[in-house]
Structures are given as structure tokens and as C-alpha cells.
Amino acid sequence: MEYAEVLANAKKHIGPNCKVCPVCNGLGCGNIMPGPGSKAPGNGAYDNYQAWHNIKLNMDTMVENIPIDTSVELFGRHFAFPLMTAPIGSIKLQFNPTDDVSDFNEKCMAACETRGIAHAFGNGLEQRVWDNTIASGRAHGNNGVPVFNPSSQEEIMQLMDLYKGGQAPFAMCVVVDSAGLPHLRKRGGNAGTKTVEQIRALKEYAKVPLIVKGIMTVEGALKAVEAGADAIIVSNHGGRVLAETPGTAEVLPEIVAAVKGKTKIMIDGGIRSGLDVFKALAMGADMCLICRPVLISYYGGGQEGIECYLDKIKEELTDTMYMCGARKISDITEKMIRIKK
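As a starting point, this report considers the structure included with it. (Residues numbered from 1 in each chain as written. Predicted model: local features only at pLDDT ≥ 70, side-chain atom pairs only at ≥ 80, totals over all residues. Heavy atoms only, no water.)

**Points about the packing of aromatic side chains**
Using the criterion set out here, one finds eight aromatic pairs in the structure. Pairing Phe 95 with Tyr 299 gives two aromatic rings, centres 5.6 Å apart and planes at 55°, and the pair type is tilted. With a gap of 204 residues between them, Phe 95 in the loop between β4 (83–85) and α3 (101–115) and Tyr 299 in helix α11 (residues 292–324) connect regions that are remote in the sequence. Exposure remark for Phe 95: the relative accessible area of 6% places this residue in the buried category. For the pair Tyr 298 and Tyr 299, a centre-to-centre distance of 5.4 Å together with 65° between the ring planes defines the contact as edge-to-face. A residue is classified by how much of its surface remains accessible, and Tyr 298, at 13% relative accessible area, is buried. (Phe/Tyr/Trp six-rings, centres within 6.5 Å; stacked < 30°, edge-to-face > 60°. Helix = DSSP H or I, 4+ residues; strand = E, 2+ residues; numbered from the N terminus. Buried < 20%, exposed > 50% of the residue type's maximum accessible area, 1.4 Å probe, protein only.)

In C-alpha cells, the structure reads:
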């Protein structure tokens, strides 16, 4: 299956909101990429995307001509390349009322299993989603990372309890920036922002590495480290939770300077190619996540469509490493990129 075919198929099935642009950058949909709770004046999808394109690549082909190794280790787990597919909590609210995020998670985990990576799955509000997706993860090499919205401590711990008595995931994640999504805030109760002490309590309760998603400042990164986070994800939730935030690529260097070596650093937001993955690694990230194009690929071909997209990303990363003089991931340095001032 070719990627052009994936995109053509996706246009037939994805519903009216997404335009299935050749590159998912927020422009075709008017920068209001489908998603519940986007805040005016639209999300920052394009800002995230454009920030990566302000970074250029430095070629160096005067190096040894040997095979490229894209593999990495994270939390004692081997990844064929430094990518995870990112979470979506609900697709029926965003695309078609009959769509089922459980099926997306199942197809995504199956594709990730064949390609040697992992899938972070979203905090759907239906218990059925959790039960189905936990089963999918266990069926596909325990490659699912649950991502919990910032509901009450009790609710998050109850979701963590679903893994007791069975195979635990290799990591869990709490997403803190979705505290600003209007549909989540309407739930009331104790859902919302989290303190260092609350994240620390969740870390201790999880009994597995804990990732904190939604970090956009040095201060936030330092708080996550103080809370004991094993990794952070530099993310602004696709720009949907607060207007006029910088692109994730813009804040990555200062966060790396502050917490590199103290916690693992992951990043999402506008990453659309293997070239972007390379740039993030050169800036100090350990792992990248991609969301929307993976979902588009699901609509374009199910598991095979997602595999096609993942192959595209890996091939682009491999080619970029080859042309910039890196033969393994640890060879990638900031000298291989040029950041526009």
C-alpha cells in the first residue's frame, strides 16, 4: 500500500471535519483541526508545524558508508525507532458518531507491534474503551501506554487499578495540559490542574515509570522532575488548550538545557516526518510522538494504513541520518541542524 493511496482512502471515510491534506498542518481545516474543546481563535496546529520548518538540516556525507541503526532503548524496552503513536480519547466526537476509538487503538497497537514501537492510548470516558484497549495491549506485546486525563486522584488510581492482577504496562502517563479543555472542565468535581504532590502520589501508586504529558516551560519541567516523573512530554495538546502558545519545537531547547539527564524528554506537536523526528533528537529529545497523521492513516487503511505511515517516518529518519552523518541515534547532535533566528 502506498501512502498516496492511504490518503485517498481516508478522504472517503474520515468524515466532514478533516480535509485529509497532503500534510496535516492545520491550514486546510482553518487551523481548527477536529477535536472537542478547541479554544478560539483556533488551535495552534500550524504554529507547531511551522516551528519544525524553521529548523534546517546540515548535510555531511563524508563519513563511513555503513548501515543506519535507528533503534533506541526506553524504560528497558527496545524500540525499532524513537517514535510512539500518540493518544486520542474519542473519535466519534471528532469525526463520525459511529466511529469507535477502541478499534483505532486495536489497529494501532497491531501496527506498532509489527513495526517495533508502542502506542499511547487515550483516556476515553467509556469503561468499555479501557477494557478493550487493555486487552489489545496485552495481545500485542504489552505495547500500550495508558494516558490518563487529569481527573480526580481517585479516578486516575481506579484506572491504574485495572492493571492489577495482570500484566502491567511498561509505563503510564498523566496528561496535565488537558485540564484546560472546556469539555473536561465541565465535568466539575476534582478534575483539573495537578500539584507536584499529586503527581508524586500518582507516581508512587503506578509502580511503573510515569510520564507527565503537557510540559511547555522550564518551570513545568522542573516541577515534573521534582515530582519524580520518569519522562516528560513537551506538548501543548496540539495548541488546543490555550491560544498563542509557542510551538513545541520553540521551547524544547530550553527544557532540554534544564532537565536533560534528570528525566527522559519526549515531544509531540506538529511532527509530521522523519526529518522532524531527526530535528527533535538533534535538539535533545529522546522520543517523539505523532497523533493526527496516524489517525488519518487508520481511516485510509486500518492497520495496513498505519503501518504504511510508520514505514514512511522510519524511512525518512533513516535517509536523514544517512545524509547528515549519523549512523546510530546517539550520533545525532545539535551540530546537524541549523535553527533560524
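Having seen the model, we can carry on.
**Observations concerning unusual backbone geometry**
In this structure, Val 20 is a non-glycine residue whose phi angle is positive, near 50°. Of note in this structure, Lys 207 is not a glycine but carries a positive phi near 65°.

**Notes on the packing of helix α1 (residues 3–13) against α11**
Between α1 and α11, the least distance of the axes is 8 Å, while the angle of their chain directions is 155°. Comparing the axis directions of α1 and α11 gives the class roughly antiparallel. The two elements α1 and α11 cross, and the hand of that crossing is left-handed. Residues Tyr 3, Val 6, Leu 7, Asn 9, Ala 10 and His 13 of α1 lie in contact with α11, whose contacting residues are Ile 296, Ser 297, Tyr 299, Gly 300, Gly 305, Cys 308, Tyr 309 and Lys 312. (Axes fitted to C-alpha atoms, helices over the stretch in contact; angles between N-to-C directions. Parallel < 35°, antiparallel > 145°, perpendicular 65-115°, else oblique. Left-handed = near helix turned anticlockwise from the far one by under 90°. Contact = heavy atoms within 4.5 Å.)

**Considering the pairing of strand β5 (residues 118–121)**
On β5, burial covers both faces: Ala 118 and Ala 120 on one face and His 119 and Phe 121 on the other are all buried. Note: β4 against β5, two bridges, orientation parallel. Paired with Met 84 across the strands is Ala 118, a residue of β5. What joins β4 to β5 is α3, and the crossover it makes is right-handed. The sheet contact formed by β5 and strand β6 (residues 144–148) spans three bridges and is parallel. Note that in β6 the partner of Phe 121 across the bridge is Pro 146. (Pairing = 2+ DSSP bridges. Right-handed = clockwise from strand over helix to strand, strands pointing away.)

**Observations regarding the side chain of Arg 272**
Within the secondary structure layout, Arg 272 lies in the loop between β10 (264–267) and α10 (274–282). Looking at Arg 272, its side chain comes within polar contact range of the main-chain oxygen of Cys 24, at 2.6 Å. Those residues in contact with Arg 272 that lie beyond four places of it in its chain are Val 23, Cys 24, Met 33, Tyr 49, Ile 290, Arg 292, Pro 293, Tyr 309, Lys 312 and Ile 313. (Polar contact = N/O pair within 3.5 Å; in protein donor to acceptor, adjacent residues only side chain to side chain.)

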